[in-house]
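Geometric and topological summary
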Amino acid sequence: METRYPPIKLACIIDDDEVYINLIKKVIDIKKLSENLLVFKNGREALDYFTAIIENLNQNAFPEIILLDLNMPVMDGWDFLKKFTQISPPTNIKTTLYIVSSSIDTFEIEKAKSFTSVTDYLIKPIKLDEFEAIFNNRSA
């Protein structure tokens, strides 16, 4: 029997691929995996958002899951990761960050996993069961 988890409060996608974003939105909505979803088209937009909520200590506005693409305009995923680790959220906030990329380059995979803030590296397209597991693999 499948275990149903309550949806998480807030998830975040940082990606410039409209098709991927729309697909993920649909899956999250149909499967009721998250109550709310933030979408940023590049790392700069996301970093500005995270910096503001950390400065304002708004814990409810911090996503439980972040899905980060590496190749984006303005600020790519690598630059976002470097800056994000410098603005670290308060310790009582639990966030899991996944790199979601179409790159299968082992150097990029290892580099991504070297960041302590990265939970895992997922290769697009993500299978539906893997995607659901990401949202349901959290402490109760």
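The text that follows walks through the structure, step by step, so that each part is easy to find. Every chain begins its residue count from 1, and numbering advances along the sequence as written. Side-chain atom pairs in this predicted model are given and counted only at pLDDT of 80 or more, local residue features only at pLDDT of at least 70, and totals for whole chains, interfaces and linings cover all residues. Remark: hydrogens and water are excluded; side-chain values derive from all non-hydrogen atoms of the structure.

Glancing now at the packing of helix α2 (residues 43-55) against helix α3 (residues 77-86). Working convention: axes come from line fits to C-alpha atoms, limited for helices to the stretch in contact. Angles between N-to-C directions cover 0 to 180 degrees. Strands here are runs of E lasting at least two residues and helices are runs of H or I lasting at least four, both read from the DSSP assignment and numbered beginning at the N terminus. At a minimum axis distance of 9 Å, the contact between α2 and α3 shows a crossing angle of 10°. Compared by their axis directions, α2 and α3 come out roughly parallel. Where α2 abuts α3, its residues Gly 43, Ala 46, Leu 47 and Phe 50 lie against Phe 80, Lys 83 and Phe 84. Polarity classes work like this: nonpolar for Ala, Val, Leu, Ile, Met, Phe, Trp, Tyr, Cys and Pro, charged for Asp, Glu, Lys and Arg, and polar for all others, with Gly in that last group. The residue inventory of the contact of α2 with α3, partitioned by class, reads 5 nonpolar, 1 polar and 1 charged. The scheme is simple: roughly parallel for angles under 35 degrees, roughly antiparallel for over 145, roughly perpendicular for 65 to 115, oblique for anything else. A contact between two residues is defined here by any heavy atoms of the two lying within 4.5 Å.

In short, DSSP must find at least two bridges between two strands for them to pair. Pairing is parallel across the open sheet formed by 5 strands, whose spatial order is β2-β1-β3-β4-β5. The open sheet terminates on both sides in strands that have one partner only, identified here as β2 (34-40) and β5 (118-123). The average undirected angle you get between the axes of adjacent strands in this sheet is 20°. In terms of strand pairing, strand β1 (residues 8-14) meets β2 through 6 bridges, oriented parallel. Each bridged residue has a counterpart across the sheet, and for Ala 11 the counterpart in β2 is Leu 37. Lying over the sheet, helix α1 (residues 18-31) contacts β1, β2, β3 (65-68) and β4 (96-101), oriented at roughly 170° with respect to β2.

Turning to the packing of aromatic side chains, a few remarks are in order. The description of an aromatic ring pair uses the distance of the two centres, along with the angle that the planes make with each other. Any two rings among Phe, Tyr and Trp, with Trp reduced to its six-membered ring, count as a pair given centres within 6.5 Å; such a pair is stacked if its planes are under 30 degrees apart, edge-to-face if over 60, and tilted if neither. Enumeration over the complete set of coordinates arrives at 10 aromatic pairs. Note on Phe 40 and Tyr 49: the rings are 5.3 Å apart at their centroids and 45° apart in plane angle, and the pair reads as tilted. Accessible area is worked out with a 1.4 Å probe on protein chains only. A residue is then buried under 20% of its type maximum, exposed over 50%, and partly exposed in between. According to the relative accessible area criterion, Phe 40 is buried, its value standing at 10%. A ring pair is formed by Phe 131 and Phe 135, whose centres lie 5.0 Å apart and whose planes are at 45°; its orientation type is tilted. Placement of the pair is Phe 131 and Phe 135 together in helix α5 (residues 128-136), with a separation of 4 residues, close to one helical turn. Judged by its relative accessible area of 2%, Phe 131 is buried. For Phe 135, a relative accessible area of 1% corresponds to the buried category. Aromatic rings pair up to connect Phe 40, Tyr 49, Phe 50, Phe 62, Phe 80 and Phe 84 into one cluster. Here, a charge over a ring means that NZ of Lys or CZ of Arg falls within 6 Å of the ring centre while also lying within 35 degrees of the ring normal. Over the ring of Trp 78 we find Lys 111, and its NZ or CZ is 4.2 Å from the ring centre. When the ring centre of Tyr 20 is taken as reference, the NZ or CZ atom of Lys 124 above it lies at 4.3 Å.

Don't take any of this as a statement about function, it's just geometry.
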